[in-house]
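# Structure at a glance
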Amino acid sequence: MSNADRQGLIAQAVRDKGTVTVQQLAELTGASEMTIRRDLDTLAAQGVLRRVRGGARTLLLTGEEPPFALRAREAVDAKRRIAAEISALVGDGESVLLDSGTTCLEVARLLRERPVTVMPLSLQAIHVLSDPPGTATLMVPGGRPRAAEGALTGPLALASLSALRFDTAIVGCCGLSAAEGLTAYDLDDAAVKKAGIASARRVIVAADGSKLGHTAYAYVGPATLLHTLVTDATAPADEVTALEGAGTFVRSV
């Protein structure tokens, strides 16, 4: 097991159980307790968890959005497959609005090598797209980055979106269902997503299966606004059927 895979497994175990011991993690991963302690120190430094005597504890409150560093370690293979499918749906020459989030960051890595114009809504994606020698044309919006997330929000971000029109908006989410629509954890983030959807001719949602059937705090809009959902095989079948019934084209990878 690679360091990244082992640390991803540790992060998920801490998130699921709340508190775990070094011994439990060693049994789970097959690694030595010394290795587990080093992993916990690394993950704590990244803000993924809190070190406690003999183990680690989650930093999350109930209903709270997981930190970016933790989400970046979850469902990595699925997110890369979703990103590849979305990249294939974007045609050469398109203008693309790219939302914040870990799945959209994977999309940024692929669009960087495409002859498209991209406005990313996160500092992480701006960094990826600005790293030469990429092919994509980078448009940088205004806005205030959310702490630790890097997502751009606020009046300047909204003004950037209202001034432009995009062929495609690629949108991430915290929750999506046919009944409750698209939702986010943060009200400012929800406002940016709503403005992004309004500025685009086509809306593609990037969401791994864990997001479907769930509802977060801030409402973005109904599922009928979404043209295409790209998800993975873990998506609940009943939710996929309901979204398709509402008019969303669903592609599972």
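In what follows, the structure referred to is the one given above.
Every residue gets a number counted from 1 within its own chain, in the order that chain's sequence is written. With the structure being a predicted model, the display of local features is reserved for residues of pLDDT at least 70 and the display and counting of side-chain atom pairs for 80 or more, all residues being used for whole-chain, interface and lining totals. Side-chain calculation: all heavy atoms of the structure are included, whereas hydrogens and water are not.

## Thoughts on the overall build of the protein
Our working definition: Strands are runs of DSSP state E lasting at least 2 residues, helices are runs of H or I lasting at least 4, and numbering of each runs from the N terminus. Areas reported as accessible are Shrake-Rupley estimates using a 1.4 Å probe. Residue values count occlusion only from the protein chains shown. Counting rule for charge: Lys and Arg are taken as positive, Asp and Glu as negative, and neither His nor the chain ends is counted. A charge is said to be at NZ when it belongs to Lys, at CZ for Arg, at CG for Asp and at CD for Glu.
From N to C terminus, the protein includes 10 helices and 15 strands. Its C-alpha atoms give the protein principal-axis dimensions of about 55 × 45 × 30 Å. Total accessible area computed for the protein in this model is approximately 11,500 Å², and 53% of it derives from carbon and sulfur atoms. Side-chain charges in the protein split into 26 positive and 28 negative, and the spacing between the mean points of these groups amounts to 5 Å.

## Section: the sheet that holds strand β2 (residues 50-52)
This is how it is decided: A pair of strands is treated as paired once DSSP finds two or more bridges between them. In this analysis, axes come from line fits to C-alpha atoms, helices being fitted only over the stretch in contact, and the angle between any two N-to-C directions falls in the range 0 to 180 degrees. The contact rule is simple, with two residues in contact once any of their heavy atoms fall within 4.5 Å.
Ordered by their spatial adjacency, three strands build an open sheet running β1-β3-β2, and the pairing between neighbours is antiparallel. Every interior strand has two partners, whereas the edge strands, β1 (19-21) and β2, have only one. Taking each pair of neighbouring strands and ignoring which way they run, the sheet shows an average axis angle of 25°. Here β1 runs beside strand β3 (residues 55-57); their pairing, made up of three bridges, is antiparallel. The residue bridging Thr19 from the neighbouring strand is Arg57, located in β3. The sheet contacts of helix α2 (residues 22-29) involve β1 and β3, and relative to β1 the element is tilted by about 75°. Helix-sheet contacts for helix α3 (residues 33-45) involve β2 and β3, and the interaxial angle to β2 is about 140°.

## Describing empty space enclosed by the protein
What counts here: Within this scheme a cavity is a closed region of a 1 Å grid, computed over the protein atoms alone, that accommodates a 1.4 Å probe without allowing it to escape, whereas a pocket is open but has protein on both sides within 12 Å along at least five of seven lines; lining residues each have an atom within 4 Å of a point. Grid points are joined across faces, edges and corners, and a volume is the space filled by probe spheres set on the points. Asp, Glu, Lys and Arg are counted as charged, while Ala, Val, Leu, Ile, Met, Phe, Trp, Tyr, Cys and Pro are counted as nonpolar; the rest, among them Gly, fall into the polar class.
In the structure shown here, the tally under the stated rule is one cavity of 30 Å³ or more. Of the voids in this model, the largest cavity is the one considered here, and its volume is about 30 Å³. Residue lining of the largest cavity: Leu97, Asp99, Leu121, Ile170, Val171, Val192, Lys193, Gly196 and Ile197, and that is the complete set. Contributions of two or more residues to the lining of the largest cavity are made by β9 (166-171) and α9 (187-198). Counting residues per element, the lining of the largest cavity draws most heavily on α9, which supplies four residues. Residues of the lining of the largest cavity, tallied by class, amount to six nonpolar, one polar and two charged.

## What about α9?
Our working rule: By definition here, a helix of n residues has an expected span of 1.5 Å times n minus one. For the exposure calls, accessible area comes from a 1.4 Å probe over protein chains only, and a residue counts as buried if that area is under 20% of its type's maximum, exposed if over 50%, partly exposed in between. Relevant arc is that of directions from the helix axis to the C-beta atoms, nothing else. Polar contact is the term for a pair of N or O atoms within 3.5 Å; when the atoms are in protein, one must be able to donate a hydrogen and the other to accept it, and sequence-neighboring residues count only if both atoms are side-chain atoms.
An ideal rise of 1.5 Å per residue puts 16 Å on 12 residues; α9 measures up with 17 Å between its terminal C-alpha atoms. When α9 is considered as a whole, its buried residues turn out to be Asp189, Ala190, Val192, Lys193, Gly196 and Ile197. One face of α9 carries all of its buried residues, which in axial projection span an arc of 160°. Of the residues in α9, the exposed ones pointing more than 90 degrees away from the buried face are Leu187 and Ala198. By the N-cap criterion, in which a side-chain oxygen at the helix start approaches the backbone nitrogen of a residue two or three places on, α9 is capped by Asp186, the distance to Asp188 being 3.0 Å.

## Some words on helix α1 (residues 3-17)
Helical geometry: 3.6 residues make up each α-helical turn, so side chains three or four residues apart lie on a common side. Here α1 is 15 residues long and its end C-alpha atoms lie 21 Å apart, about the 21 Å a rise of 1.5 Å per residue gives. All of the buried residues along α1 are Arg6, Gln7, Gly8, Ile10, Ala11, Ala13 and Val14. Of the residues flanking the end of α1, it is Gly18, one or two places downstream, whose phi is positive at about 90°.

## Digging into the nonpolar core
We apply this condition: For the purposes of this section, nonpolar cores are sets of buried Ala, Val, Leu, Ile, Met, Phe, Trp, Tyr and Cys residues that join through side-chain atoms within 4.5 Å.
Formed by 31 residues in total, the largest nonpolar core has its most connected members in Leu176, Leu182, Val205, Leu212 and Leu229. The set of elements that each furnish at least two residues to this core consists of α8 (155-162), β9, β11 (181-184), α9, β12 (200-206), β13 (218-221) and α10 (237-245). Those residues in contact with Leu229 that lie beyond four places of it in its chain are Leu176, Val205, Ala207, Leu212, Leu243, Thr248, Phe249, Val250 and Arg251. Formed by 21 residues, the second largest nonpolar core is a distinct cluster that contains Ala108, Val116, Val118 and Val230.

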